[in-house]
Amino acid sequence: MFFNDRHEERADKQAIELDGQQIPQHIAIIMDGNGRWAKGQNLPRVAGHQRGMEVVKDITKAASDLGVKVLTLYAFSTENWKRPETEVGFLMKLPGKFFDTFVPDLIANNIRVNVIGYVDQLPAYTQKAVKNAIAQTANNTGMVLNFALNYGGRSEIVSGAQELAQQVLNGEIKPEDIDETRFSQALMTASLNKYADPDLLIRTSGEERLSNFLLWQIAYSEFVFVDEHWPDFTSEVLKRAIMIYQSRHRRFGGLAENKSDKK
Ligand code: IPE
Ligand code: IPE
Ligand code: MG
């Protein structure tokens, strides 16, 4: 445990007052703990995923209301195929259930749906649900709700490298033209433009690891780990995480500015 955790625990117990000028523009969340939440309620694991889907709706609205520009939610990793077929099957039906009930709210809140991940490897009905939602919200200009679905950070980097190698082979670019900007443009987050990199990364359920999420993009993200399982995550927990974020001082390799109250 680091010293600044104590400061953060104190921040926990105070009333949550956020600085509206310092809302993280891109928040990425590793929604973890659905299975453990269900087990704690003597329910099957999939009941945790079902409840988790409802929480996604609440948190999407809360983030949009706070002025967040991009909310990226890790919904299914390239490694989650290792789970039992029944659980994977349930998870693949969730996008359909989610968008069937929630697209009108997304439109009412001017929220646009985007997806990162290997969508073409998903069952046809999952692809259809996702593509419909993207099309139905395409004209919305507010927050981007960005689902990471069949997403893996390492695969994404490999795919990006392949794309750049192909551009070299086609004579479109030279190897020395490959720089960080061009590499970012070859990744799945390229369409998020200036918001491609998360400012704040949250993981629920007390686990403190990345599990192959946004490896390139999190180079300078602030990490906040919360103990709540995803089905217990609320807008208050989100605000608490943002408050912790606002108590941090991002330096990006430079020196601290003259803010004596910041670490
Ligand atoms: C997160 O909850 C949802 C997905 C990974 C799809 P988990 O299903 O990982 O729940 P735990 O971590 O086993 O409790
Ligand atoms: C990460 O959670 C993936 C998602 C939240 C979709 P996992 O539960 O799959 O991660 P590990 O296996 O505990 O690292
Ligand atoms: Mg998990």
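A brief look at the structure comes next.

**Looking at the site of ligand 2**
In the vicinity of ligand 2, the residues found are I30, M31, D32, Y74, A75, F76, N80, R83, R203, R209 and S211. Between ligand 2 and the protein, one listed contact pairs an oxygen atom with a side-chain N or O atom of D32 at 3.2 Å. R203 places a polar side-chain atom, nitrogen or oxygen, 3.3 Å from an oxygen atom of ligand 2. Protein chains shield 78% of the accessible area of ligand 2, which is 390 Å² for the free molecule. The element best represented in the shell around ligand 2 is strand β2 (residues 70-77), accounting for 3 residues.

**A closer look at the sheet that holds strand β6 (residues 222-225)**
Taken in spatial order, the 6 strands make up an open sheet running β3-β4-β2-β1-β5-β6, and their pairing is parallel. Two strands bound the open sheet, and with one partner strand each, they are β3 (112-116) and β6. When strand polarity is set aside, the average angle formed by the axes of neighbouring strands in this sheet is 20°. In terms of strand pairing, β3 meets strand β4 (residues 144-151) through 5 bridges, oriented parallel. Paired with R112 across the strands is V144, a residue of β4. Its contacts with the sheet place helix α8 (residues 235-247) against β1 (26-30), β5 (200-203) and β6, and it is angled at close to 135° to β5.

Calculation notes
- Residues numbered from 1 in each chain as written.
- Chains lettered and ligands numbered in written order.
- Predicted model: local features only at pLDDT ≥ 70, side-chain atom pairs only at ≥ 80, totals over all residues.
- Heavy atoms only, no water.
- Near = heavy atom within 4 Å.
- Polar contact = N/O pair within 3.5 Å; in protein donor to acceptor, adjacent residues only side chain to side chain.
- Areas by Shrake-Rupley, 256 points an atom, 1.4 Å probe, with all protein chains shown as cover.
- Helix = DSSP H or I, 4+ residues; strand = E, 2+ residues; numbered from the N terminus.
- Pairing = 2+ DSSP bridges.
- Axes fitted to C-alpha atoms, helices over the stretch in contact; angles between N-to-C directions.
- Contact = heavy atoms within 4.5 Å.

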